[in-house]
Amino acid sequence: MPLLINVFNYLEKYMYLNQPIRRLASSVLAGVILFSSIVHARPMPHPFELEDAKLPPVNWIRSRTIDVKHVLIDTRFNWEKQQALGTTAVTLAQFNDTDKITLDAAAMTINSVTTVDGKPLKFNYKGGDGNDNLEIILDRVYRGGEDVTVKIDYATNYVNSADGDTAIGSFGRGLRFIKPAADEPGKPRQIWSQGESEFNRYWFPSYDSPNDFRTSELRATVEKPFFVVSNGKLISTKENSDGTRTFDWKMDQPYSNYLTSIVVSDTKPVEQDAEGTPVYNYGYPSETKEVAATVKNLPATIKFFGEITGLKYPYPKYSQAFVEDFGGGMENISATTQIEEMIHDERELIDNDSESLQSHELAHQWFGDYVTCRDWGQIWLNESFATYMQAMWTEKLKGHEEFLYADIRGNHDQVLGSWNGGDRRPIVTKYYANKDAMFDNYAYPGGGSVLHMLRKHLGDKLFYKSLNNYLTTNAHQPVSTEDLRIAVEETSGQSMDWFFDEWLYRMGHPVFDVTQSYDEAKKQLTLNVKQTQKLDVTNAYPQTEFFQSFVDVEIDNKIERVWMEPKAENVFTFSVASKPKLVSWDYESTLLKEMKFAKSVDELLYQMANDKDVLGRRWAMSELEERAANAADRPRITTALLTSAEKDPFWRIRRAALSVIANLYSPDPGLGEQRAAFKLEGAVEQGVIRLTKDPKSLVRGDAIELLGETQDKKYADLFYPALNDQSYEVIDQASLALGRVKDPRALDALTKLTATKSWKGRIMIAGLNGLAELGDKRSFDTGYNIATDATLSRAIRSNALAVVGTTGKGDPRAYPLIFEQFKKATDASNFQGMINGMNAIIKIADPRGQEAFDILKAKFKDQPGALNIVGSFEERFKAAIKK
């Protein structure tokens, strides 16, 4: 599945826009984002026999009666009806003698079916979207293994609607036509396809399950100036007499059906070279400079993945096409489709980049495309590898500490969040209710965490050799987890059944309770390690009771490796000349785990200041935040946190320490409550002021945010220069801070920002958010005029609604405008617009606003996660109208 920018995370990220809820600097959001015969069969562990727990339905791999060899798609488009019109020729062989075949074709009008030389064939079309729903009676009996080509003339009928599959958590099915909309009249026209999981059947007939590989050719005719991007190599571009052009793309290496793709767009590529492989980045003609800045590291990433896998990029070209209204990224073979919002200008790149998304989709060209999971219960073989390859690119590009903190820790947090939220399953299973629901935190960060543990167990040399063995042995084939296990065992000589069993075929993770003691007479350190996890008796999936693994133990920054046996308690002893100051269990947090390790405040303070393991320092910081509830310990903990915030060499630790300080001084208020003013004093105040000059822009932004939350005008003179910072994040926070402290000069400064041009209106939006926080009624016309200016992007216009909401009480123009914009955003499934609209409705506190929440509850009635978030907004709204 594409790397989906998870909409629920997106909603949660923005639901408190303009609310006094502090951004947690230490958090890592998920991305965002966001979907034959059995080979090497291995018996799955038996589920527990529990009366009150049932497994979801079993999903066996799909049996095949045909072997598709090649598809030739010849298509054109009807923009008004949002249809593809044309033919698909499918070349295939059957396993047995027969005069009948079946293909997958969803929501189509089948005009005719013929042989390759034009002989009409009878057919029965059942419609719907199931398997084998187009039955074709051949002109004779074909022997098993004999090739036959059938040509289907058809029109597509499925239209991706805002209220359908593209509403929440989906990329839609088949083709998506992008056109100007009521809330975005300047929207460019585009067409893009989405095939995963089994949605290509909505725009061409074939065998649409992942356990069959074939080659392809696509000929698409479009009006000028549109360009067509597809898989493989562009063979020709034909100029037609009617003002259209026909693009012919051919892919000679076999691959799975869902990876066939098309993008139609007015585009100008940024071209690159990756060790002789041409690379094309298809962005808008007006954004070539920004596209080039965003993708500058792509050739190096391609080279790096080739080096660690021992397999050079295997296709004739690589491309990325950036499109509208896409949910994230999709790894179509040799032709990735990406969300347009991943493009940044140089200033935006100061704060954030798109390396994670870009490298994740690229990694799929090896893991997911070159080899592909043969059924959706094995999807981790695609997504976990892409997740971990992306993490290894982070390590290469940004360093080991960034890799550990952002990826290893971030992956663990996501998986443990799902587990503790009650979402629990093994990473590999045939038991699931919905194949698209398998694209979850177990398929992405869960399996990514397992691959990191595998790498640490084997060592880099054997790990990379195992990857090469796995890829080359199974090239251009569907694969299972057993294929990976066999490749690892053949390469390393080690039995890996136990590893795959405890981490992949069974669910769970260790929960450690660790204590330490030192015997001065024996000069001996003893670690007592208990595994306290309990079997989930409400869950019928197979579970690991106790885990076994190598574990790295850190003793005063020296590392010793021990073997943990699969039992309730392990005791380890170490010869140490004197009582150690620092002892850590699981150095660099290799294991996916929860842990309690009893330590004194002094020990934690020492660890936060001196541990060479960045995750050890961060763990100690979290423990100290809890201990700071003790008034006696709080002063020295605060002092130590300030030291970390200013002096730790790693910027994420500095940022996390500042966030903890902020939490200690001003905990986040409850839902619907306003943050109370507070004071920073003495060394803390001076330290936070110094941090507004930190070399890292995100730390500077957080320091400004904290000063602004005090609501003290005395800091205003620090904020005005920050409005000219090169970092958009710093400008964002300075604008909000000026609004919060209500400085009398803020109105003019913030209004000036709303007229300042910048990439995607970033500075204008910063000014609007600042004005909304300021709440000065004199800014109503500014907000209203921007919100109604159709020449501006919908992102800018929807952000202006916050100003209308906070300053428009009593103005008859305010609520109708807010609701109109909200309704347009809802109809278009514009999530940012929905969030901004709800926040504006809450701010204006007009009782008529209840209609907005009723609309959303009806729209998302079948999506509990979305309903919960809408309910949170509704609670805020009801609290606001009571004031």
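This structure is a prediction, so every number in the text was calculated from the model and none was measured.

With that settled, consider the overall build of the protein. Of the regular secondary structure elements, the protein holds 27 helices and 29 strands. A globule of 883 residues ought to have a C-alpha radius of gyration of about 29 Å, and the protein, at 29 Å, matches this closely. Seen through its C-alpha atoms, the protein measures out along the principal axes to roughly 90 × 80 × 55 Å. Within the protein, buried positions represent 60% of all 883 residues. Carbon and sulfur atoms form 50% of the exposed surface of the protein, whose accessible area is close to 33,800 Å². Across the protein, 105 positive and 122 negative side-chain charges occur, with their mean positions spaced 3 Å apart.

The final tally for this structure, using the stated rule, is 67 salt bridges. Between R455 and E395 there is a salt bridge; the shortest N-O distance is 3.2 Å. Taken together, the residues R455 in helix α8 (residues 442-458) and E395 in helix α6 (residues 380-398) connect sequence positions 60 residues apart. Classification of R455 by relative accessible area gives buried; the value is 8%. A salt bridge links R690 to E646; its shortest N-O distance comes to 2.7 Å. Of the two residues, R690 is situated in helix α16 (residues 682-691) and E646 in helix α14 (residues 634-647); the sequence distance between them amounts to 44 residues.

On to the nonpolar core. Counting 249 residues, the largest nonpolar core has F77, I136, V150, I152, Y470, L527 and W585 as its most contacted members. If we skip the residues at most four places from it in the chain, Y470 touches F367, V371, L381, F385, V479, D483, L484 and A487.

Here we take up the pairing of strand β20 (residues 335-339). With respect to burial, β20 is a largely interior element, five of its five residues being buried. Here strand β18 (residues 318-323) pairs with β20 via five bridges, running parallel. Its bridge partner lying in β20, Q320 is registered against T336. In the sheet, strand β19 (residues 328-330) pairs with β20 via two bridges, with the strands oriented antiparallel. Bridge pairing in β20 links M330 to T337.

Take the sheet that holds strand β7 (residues 134-142) next. Reading across from one edge, β4-β7-β6 is the order of the three strands in this open sheet, with antiparallel pairing throughout. The open sheet has two edge strands with one neighbour each: β4 (98-103) and β6 (122-125). When the angles between neighbouring strand axes are averaged without regard to direction, this sheet yields 25 degrees. Bridge count for β4 against β7 is five bridges, and the pairing is antiparallel. Its bridge partner being in β7, T102 is matched across the sheet by E135.

What follows concerns helix α9 (residues 460-473). Taking 1.5 Å per residue, 14 residues should reach 20 Å; α9 reaches 20 Å between its end C-alpha atoms and fits that length. Buried within α9 are the following residues: F463, S466, L467, N469, Y470 and L471. Against α3 (298-309), β21 (371-373), α6, α8, β22 (477-479) and α10 (481-492) lie the buried residues of α9.

What follows deals with helix α22 (residues 780-787). Along α22, six of the eight residues are buried, which leaves the element largely enclosed by surrounding structure. Within α22, burial applies to F780, T782, G783, Y784, I786 and A787.

On to the packing of aromatic side chains. Enumeration according to the criterion identifies 39 aromatic pairs in this entry. Aromatic pair F512 and W585: ring centres 5.7 Å apart, planes at 80 degrees, arrangement edge-to-face. Of the two residues, F512 is situated in strand β23 (residues 511-519) and W585 in strand β28 (residues 583-585); the sequence distance between them amounts to 73 residues. Given the relative accessible area of 2%, W585 is considered buried. Ring plane angle 20 degrees and centroid distance 6.1 Å describe the contact between Y815 and F819, whose orientation is recorded as stacked. Of this pair, Y815 and F819 both sit in helix α24 (residues 814-827), separated by four residues, roughly a single helical turn. The class for Y815 is buried, based on a relative accessible area of 3%.

A separate point is the sheet that holds strand β29 (residues 594-597). Across a sheet, strands are paired by hydrogen bonds formed along the backbone, either parallel or antiparallel in direction. The strand order across the open sheet built from four strands is β27-β24-β23-β29, with neighbouring strands paired in mixed fashion. Each edge of the open sheet is held by one strand with a lone partner, namely β27 (569-575) and β29. Ignoring which end each strand starts from, the neighbouring axes of this sheet average 20 degrees apart. Note: β23 against strand β24 (residues 524-531), eight bridges, orientation antiparallel. Looking at the pairing, Q516 lines up with L527 of β24.

Conventions used here
Residues numbered from 1 in each chain as written. Predicted model: local features only at pLDDT ≥ 70, side-chain atom pairs only at ≥ 80, totals over all residues. Heavy atoms only, no water. Helix = DSSP H or I, 4+ residues; strand = E, 2+ residues; numbered from the N terminus. Rg over C-alpha atoms; globule rule 2.2 N^0.38 Å. Buried < 20%, exposed > 50% of the residue type's maximum accessible area, 1.4 Å probe, protein only. Areas by Shrake-Rupley, 256 points an atom, 1.4 Å probe, with all protein chains shown as cover. Lys, Arg positive; Asp, Glu negative; His and termini not counted. Charge placed at Lys NZ, Arg CZ, Asp CG, Glu CD. Salt bridge = Lys/Arg side-chain N within 4 Å of Asp/Glu carboxyl O. Core = buried A, V, L, I, M, F, W, Y, C linked by side-chain atoms within 4.5 Å. Contact = heavy atoms within 4.5 Å. Pairing = 2+ DSSP bridges. Axes fitted to C-alpha atoms, helices over the stretch in contact; angles between N-to-C directions. Expected span 1.5 Å × (residues − 1). Phe/Tyr/Trp six-rings, centres within 6.5 Å; stacked < 30°, edge-to-face > 60°.

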